[in-house]
Structures are given as structure tokens and as C-alpha cells.
Amino acid sequence: MMAAPARPHAARVRCYAELNDFLPARLRQREFEHTFDGSPAVKDLIESLGVPHPEVDLVLGNGTSVGFDHRVCAGDRIAVYPVFEALDVSPLQHLRPAPLRQPRFALDAHLGRLARSLRFLGFDCTWEPGGPDPDLIARSVAERRTILTRDRELLKHRAVTHGYWLRATDPRRQVLEVVDRFDLRRQARPFTRCSVCNGSLQPADAAE
């Protein structure tokens, strides 16, 4: 006689604040039951819900801060919190390296207009039209840049440490979204950076 298939396990999960943007409407702003097989890492469980790990700064497993490699078991309660780039939550365990207090961005190939606008405001933004994702990820890690993208799957790459999924599709709204999300209003230095090459502008007299 064949053995009955193993029943899936279940944990109680809640995502907070803007992480709800990644969830179906029926799961937002509440605790819900999530079923799974085996004992997955919490990173895998979170991303199976559609939430890219660079958007997450803190996970509590049964009330205790845990890392992305923590194994989820049946009956666990998992609380998932977003990145605190604008807040100092150093007493708590972080899942990523320390927040990048100096804003430096790497934009994917589809965000050229956003790159130019952020450069106009004085922010350091790399952008390569047609550049492959592996190069973008490698540069973001090597130069400690936050990836800005509309591609959720890009942010799920294991090597990505800092990234943000843009909710807006209009470039003008994207600028406001980035400025508000990373608390950049007091750091803007308009017209100090070239919108084309990203280099710093230097004073020049009329003859030059």
C-alpha cells in the first residue's frame, strides 16, 4: 500500500508597511497563513510571496530577530519589516549590510529619464542603456550602490544587498518616490552633477 503524501506545513506571516505592495490584495495589512513543504530558509519563504529580499531589513521569527538563513518550521510566526534607510535601528539585527547613508544609485537599463533627473538633483547615479543585469549587480556591490528597478526578479538575485522596486511608472513620479523613500530632500544639490555623464560639475569662466 502506498504511503499517504506528506501534508504541507503552515506558518503565520505578516508583512508591514510598503512590503504589502508586493502581496495580493487579500493578504495585505494582516496576518495570514502560508503553507510550505519541508523547512525553507526565511529568504526563500519571503520571496515565494513576491517580496524581494533587498526590500526587507528585519524579520522576526516568533518574536526574535532572525537572519535570511533561518529555517521556518510549522507553527512559526514570521513578521517582515521594510528597509529603514532613513532610520537608525542599529540595536536590532539587520539582514543586509549597514544602510547606505551616502545615497549612490545604480539604475537598470529602462530608467534613463529617472537617472537624468536624479543627476540634476546632484545624486550619483550610474546607468547603462542596454547593460546586462549581471553587470548592474556586480557594479552595485563593488561600488556600494542601491539598485533602482521596476524588475522584481532582478532584486531577488542572491548577490543583491541594497535595492528598491519602483512602484510608479511615470518618470516624474519616480523622482518624488525615490526622494521620499530615501529621505533625500535635505541632501539634494541641484545642478552640481552632469545629467549625461554623471560627473561633478566644476566652475568655469566665460573664456573656458
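Above this text you will find the structure in question.
This is a predicted model, so every value here is computed, not measured.

Next up on the list: the pairing of strand β1 (residues 9-15). Direction of pairing for β1 relative to strand β2 (residues 32-36): antiparallel, over a ladder of 5 bridges. Considered in β2, the bridge of valine 13 is made with phenylalanine 32. Here β1 pairs with strand β5 (residues 77-82) via 4 bridges, running parallel. The residue bridging arginine 14 from the neighbouring strand is alanine 79, located in β5.

Before going further, it helps to spend a moment on the sheet that holds β5. One open sheet accounts for 5 strands, arranged β2-β1-β5-β3-β4; its pairing is mixed. Bordering the open sheet on either side are β2 and β4 (64-66), each of which pairs with just one other strand. For this sheet, the mean inter-axis angle between neighbouring strands, taken without regard to orientation, is 35°. Summarising the sheet, strand β3 (residues 56-61) and β4 pair through 3 bridges and their orientation is antiparallel. Residue pairing across strands places leucine 60 opposite serine 65, the latter belonging to β4.

On to the nonpolar core. Ranked by size, the top nonpolar core spans 29 residues in total, and within it Ile46, Val51, Val56, Val59 and Val80 carry the most contacts. Looking at this core, the elements that each hand over two or more residues are β1, β2, α1 (42-48), β3, β5, α3 (133-142) and α4 (152-155). Discounting chain neighbours no more than four positions away, the residues touching isoleucine 46 are Val51, Val56, Val59, Phe68 and Val80. Counting 16 residues, the second-largest nonpolar core is a separate cluster that includes Leu107, Leu118, Leu148 and Tyr164.

Among the structural elements, alanine 74 can be located in the loop between β4 and β5. C-alpha separation for the pair alanine 74 and arginine 12, spaced 62 residues apart in sequence, amounts to 9.0 Å. Non-local contacts of alanine 74, meaning those with residues more than four positions away in its chain, are made with His9, Ala10 and Phe36.

Here we come to unusual backbone geometry. In this structure, alanine 17 is a non-glycine residue whose phi angle is positive, near 55°. Here alanine 17 lies in the loop between β1 and β2. Look at alanine 17 and you get partly exposed, because its relative accessible area is 41%.

A few words now on the sheet that holds strand β7 (residues 124-127). Strand order in the open sheet formed by 4 strands is β7-β6-β8-β9, with parallel pairing between adjacent strands. Only two strands of the sheet have a single partner each, and these edge strands are β7 and β9 (163-165). Ignoring strand direction, the axes of neighbouring strands in this sheet form an average angle of 25°. Of the strand pairs in this sheet, strand β8 (residues 146-149) and β9 are connected by 3 bridges, and their pairing is parallel. Across the sheet, leucine 148 pairs through a bridge with tyrosine 164, a residue of β9. Lying over the sheet, helix α2 (residues 112-120) contacts β6 (104-107), β7 and β8, oriented at roughly 155° with respect to β7.

What follows concerns the state of the cysteines. For the structure shown, the criterion picks out 0 disulfides. With no disulfide partner, cysteine 194 has as its closest neighbouring cysteine sulfur the one in cysteine 197, 3.7 Å distant. The class of cysteine 197 is exposed, set by a relative accessible area of 55%.

Rules used in this analysis
Residues numbered from 1 in each chain as written. Predicted model: local features only at pLDDT ≥ 70, side-chain atom pairs only at ≥ 80, totals over all residues. Heavy atoms only, no water. Pairing = 2+ DSSP bridges. Helix = DSSP H or I, 4+ residues; strand = E, 2+ residues; numbered from the N terminus. Axes fitted to C-alpha atoms, helices over the stretch in contact; angles between N-to-C directions. Core = buried A, V, L, I, M, F, W, Y, C linked by side-chain atoms within 4.5 Å. Buried < 20%, exposed > 50% of the residue type's maximum accessible area, 1.4 Å probe, protein only. Contact = heavy atoms within 4.5 Å. Disulfide = S-S within 2.5 Å.

Don't take any of this as a statement about function, it's just geometry.
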